[in-house]
Amino acid sequence: MGDIRKSVLECIGNTPIVEISRLCKKYGVEGRILVKLEMLNPGASKKDRIALYMIEEAERKGLLKPGQTVVEETSGNTGNGLAVVCAVKGYPFVAAMSKGNSLERMQMMKGLGADLLLVDQLPTSPRGSVTGADLKKVEEAAIEFAEKNGAFLTNQFYNPDNSMAHEKGTAREIWEQTDGKIDYFVDFVGTGGTYAGIAKGLKAYNKNIKCFVVEPEKGGVYGGHTPSENPIHVIQGGGYAVKRELVDETNVDGSVLISDQECTQTTRELAAVEAIFGGFSAGANVRAAIKLLQGEARGKTIVCLANDTGLKYLSTKLYQYEINRESGASEIIKEGMKNKKNNC
Ligand SMILES: Cc1ncc(COP(=O)(O)O)c(C=O)c1O
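Thresholds applied
- Residues numbered from 1 in each chain as written.
- Predicted model: local features only at pLDDT ≥ 70, side-chain atom pairs only at ≥ 80, totals over all residues.
- Heavy atoms only, no water.
- Axes fitted to C-alpha atoms, helices over the stretch in contact; angles between N-to-C directions.
- Helix = DSSP H or I, 4+ residues; strand = E, 2+ residues; numbered from the N terminus.
- Parallel < 35°, antiparallel > 145°, perpendicular 65-115°, else oblique.
- Contact = heavy atoms within 4.5 Å.
- Nonpolar A, V, L, I, M, F, W, Y, C, P; charged D, E, K, R; others polar.
- Buried < 20%, exposed > 50% of the residue type's maximum accessible area, 1.4 Å probe, protein only.
- Pairing = 2+ DSSP bridges.
- Right-handed = clockwise from strand over helix to strand, strands pointing away.
- Phe/Tyr/Trp six-rings, centres within 6.5 Å; stacked < 30°, edge-to-face > 60°.
- Salt bridge = Lys/Arg side-chain N within 4 Å of Asp/Glu carboxyl O.
- Near = heavy atom within 4 Å.
- Polar contact = N/O pair within 3.5 Å; in protein donor to acceptor, adjacent residues only side chain to side chain.
- Areas by Shrake-Rupley, 256 points an atom, 1.4 Å probe, with all protein chains shown as cover.
- Domains from an automatic or database assignment.
- Buried area = accessible area lost by both parts, 1.4 Å probe.

**Observations concerning the packing of helix α8 (residues 260-274) against helix α9 (residues 280-294)**
Interaxial distance between α8 and α9 falls to 7 Å at its minimum, and their mutual angle equals 100 degrees. Taken together, α8 and α9 sit at an angle that is classed as roughly perpendicular. Of α9, the residues touching α8 (which contributes E262, C263, T264, Q265, T266, T267 and L270) are F280, A282, G283, A284, V286, R287, I290 and K291. By residue class, the composition of the contact of α8 with α9 is seven nonpolar, five polar and three charged.

**Observations regarding the pairing of strand β4 (residues 93-98)**
In terms of burial, β4 is a largely internal element, six of the six residues being buried. Burial of the side chains of β4 extends over both faces: F93, A95 and M97 are buried on one face and V94, A96 and S98 on the other. Bridge analysis of strand β3 (residues 70-73) against β4 gives four bridges, and the strand direction is parallel. Bridging across to β4, V70 finds its partner in F93. At this point the chain moves from β3, through helix α3 (residues 77-89), to the parallel β4, and the crossover so formed is right-handed. Where β4 lies against strand β5 (residues 115-119), five bridges are found, and the strand directions are parallel. By the bridge assignment, M97 is partnered in β5 with L118.

**Considering the sheet that holds strand β8 (residues 210-216)**
The sheet built from six strands is open, its strands ordered β1-β2-β10-β7-β8-β9 with mixed pairing. Of all strands in the sheet, those with a lone pairing partner are β1 (17-19) and β9 (254-258), marking the two edges. Between one strand axis and the next, the sheet turns by 30 degrees as a mean value, whatever way the strands run. Relative to strand β2 (residues 32-37), β1 runs antiparallel, the two sharing three bridges. Counterpart to I17 in the pairing with β2 is K36.

**Here's the deal with the packing of aromatic side chains**
The tally for this structure, following the rule as stated, stands at six aromatic pairs. Taking the centre distance of 6.3 Å and the plane angle of 55 degrees together, the rings of F157 and Y240 count as tilted. Note that F157 is positioned in the loop between β6 (152-153) and α6 (160-177) and Y240 in the loop between β8 and β9, a separation of 83 residues in sequence. Between the aromatic rings of F280 and Y313, the centroid separation amounts to 5.6 Å while the plane-to-plane angle is 90 degrees, which identifies the pairing as edge-to-face. In this pair, F280 is assigned in helix α9 and Y313 in the loop between β10 (301-306) and β11 (321-323), connecting sequence segments 33 residues apart. Like Y313, F280 is buried.

**Some points on the pattern of salt bridges**
As enumerated under the stated definition, the model contains 23 salt bridges in all. Its salt-bridge partner being E269, residue K26 comes within 3.4 Å of it at the nearest N-O pair. Taken together, the residues span a long stretch of sequence, with K26 in helix α1 (residues 21-27) and E269 in helix α8 at a distance of 243 residues. On the basis of relative accessibility, which here comes to 10%, the residue E269 falls in the buried class. K243 is paired through a salt bridge with E249; the nearest N and O atoms lie 3.2 Å apart.

**Observations regarding the environment of V130**
Mapped onto the fold, V130 is located in the loop between β5 and α5 (132-149). Here the alpha-carbon distance between V130 and D183, two residues 53 residues apart in the chain, equals 32 Å.

**Comments concerning the site of the ligand**
In the vicinity of the ligand there are 17 residues, among which K47, G190, T191, T194 and S281 approach most closely. At 2.4 Å from an oxygen atom of the ligand is found a side-chain nitrogen or oxygen belonging to T194. Relative to its free-state accessible area of 390 Å², the ligand is covered by the protein chains to the extent of 98%. In the shell around the ligand, the residues fall into three nonpolar, eleven polar and three charged. Mapping the shell around the ligand onto the domain boundaries places at least three of its residues in each of domain 1 (8-44 + 161-313) and domain 2 (47-153).

**Some remarks on the sheet that holds β3**
Ordered by their spatial adjacency, four strands build an open sheet running β5-β4-β3-β6, and the pairing between neighbours is parallel. Strands with a single pairing partner mark the edges of an open sheet, and in this sheet they are β5 and β6.

**Things to note about the domain arrangement of the chain**
Along its sequence, the chain is carved into domain 1 (8-44 + 161-313) and domain 2 (47-153). Taking the mean C-alpha position of each, domain 1 and domain 2 sit 23 Å from one another. The interface is formed by 34 residues belonging to domain 1 together with 30 residues belonging to domain 2. Buried area between domain 1 and domain 2, both sides added, is near 2,500 Å², and the carbon and sulfur share of it is 57%. Taken as a group, L9, Y240 and K312 account for 26% of the area that domain 1 buries against domain 2, more than any other trio of residues on that side. One salt bridge connects R49 with E173, and the closest N-O pair in it is separated by 2.9 Å. For the side of domain 1 that touches domain 2, the element with the highest residue contribution is α6, accounting for nine residues. Tallied by class, residues from the side of domain 1 that touches domain 2 come to twelve nonpolar, 14 polar and eight charged.

This is how it looks when you write it as structure tokens:
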């Protein structure tokens, strides 16, 4: 039987789930961690799902007119997803982004035919660490652009169709792929759309599934945590140290805090041990799952997402190797040793 898709939009979602037993063995934990490979979406992240859903709902509700420009505030992945959807559907797309996000996302956006509205970071924010305050400036730029140009703002931070895409899609897929044999779900929060949708969807199937938010060590706001004054961290795409409108706190059973070092180490191990080449937040999610298995969730099954591909972080220190092409030797750059300018 043939299987030809009419466009890449029909390749969004239905990603595989992989058990990472080799990494669990390395950490000596009892239980199962199941990782959903969201980097296999056409835009190489989970955000393709919300991009498609938000655009098709806007079309259905008559909010988006044929040929109208779409604009979005994004750390890059939603922008990549919208660039994919807009390219196929024929909408011009403008991505408002902080200059602190990685270069690969910007280059990919351009490659997909989008325009970039790059916004300066605050002087206190290093490249690679986009704070809540930096994000506020990007939000203002996106709103101003939409007002001045009559563009449609998808508004992922407030649009309920963001979490609905995950409630109707990702949560259902997880439930079916695991035959409902899940005890925990963990997720690193940016807009909170993924967490909100999957937690709501899974708890509707089985109210005993526990859902934990994953947050950077200094930027915890859920589970009774208080963020530090300048909660900078390396985990791009979230951890903005503010509670999110989309997240219903009655579906938050707790929060796991992850340091930059833990996140970086586990992201690299996920690649080297399981051949899952993910971004920082994939490592943060997996490390959070490991911490739970080391504690209250010992022996249980935990699901999380590998949100995007490590290929979007080659210019960051995550996968920066000193490769000597003369001698053929290679070595990973020790934290903070390399050319600091490049460490975003
Ligand atoms: C790599 C990555 N991980 C996690 C997140 C957070 O996802 P959400 O916005 O659904 O909370 C994002 C959001 O941009 C992201 O790009």
